[in-house]
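Summary of the model geometry
Residues per chain, in single letters:
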Amino acid sequence: MTCFTCKGNKQKSITSFMTEYDGCYIIIKNVPCSKCSQCGEE
Ligand SMILES: [Zn+2]
């Protein structure tokens, strides 16, 4: 997989992110993603 930003290699990774829903913050964990090994783009 190739990064759109820097054309570097993307590697599969697990991340967690926080979002706001109905006035409450919820944290979504263990979301599969691909992260660039050069610029960190997810
Ligand atoms: Zn990149």
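What counts, and at which threshold
- Residues numbered from 1 in each chain as written.
- Predicted model: local features only at pLDDT ≥ 70, side-chain atom pairs only at ≥ 80, totals over all residues.
- Heavy atoms only, no water.
- Patch = residues over 30% accessible without salt bridge, like charges linked within 9 Å, V, L, I, M, F, W, Y side chains within 5 Å.
- Areas by Shrake-Rupley, 256 points an atom, 1.4 Å probe, with all protein chains shown as cover.
- Salt bridge = Lys/Arg side-chain N within 4 Å of Asp/Glu carboxyl O.
- Helix = DSSP H or I, 4+ residues; strand = E, 2+ residues; numbered from the N terminus.
- Donors = N, O, S within 2.8 Å, 3.2 Å for Na, K, Ca; no water.
- Tetrahedral: all angles 85-135°; square planar, octahedral: opposite > 155°, others 65-115°.
- Buried < 20%, exposed > 50% of the residue type's maximum accessible area, 1.4 Å probe, protein only.

Judged by side-chain polarity, Phe-17, Tyr-21, Ile-26 and Ile-28 come together as a nonpolar surface patch covering roughly 380 Å² of accessible area. Secondary structure elements with two or more residues in the nonpolar patch: β1 (10-21) and β2 (24-36). Among the structural elements, Phe-17 can be located in strand β1.

A word on the coordination of the zinc ion. Distances from the zinc ion to its protein donors, Cys-3 (SG), Cys-6 (SG), Cys-36 (SG) and Cys-39 (SG), fall within 2.3 to 2.4 Å. Seen from the zinc ion, its four donor atoms lie at angles of 101 to 116°, and the figure they make is tetrahedral. In the primary sequence, the donor residues of the zinc ion line up as C-x2-C-x29-C-x2-C. On the basis of relative accessibility, which here comes to 1%, the residue Cys-3 falls in the buried class.

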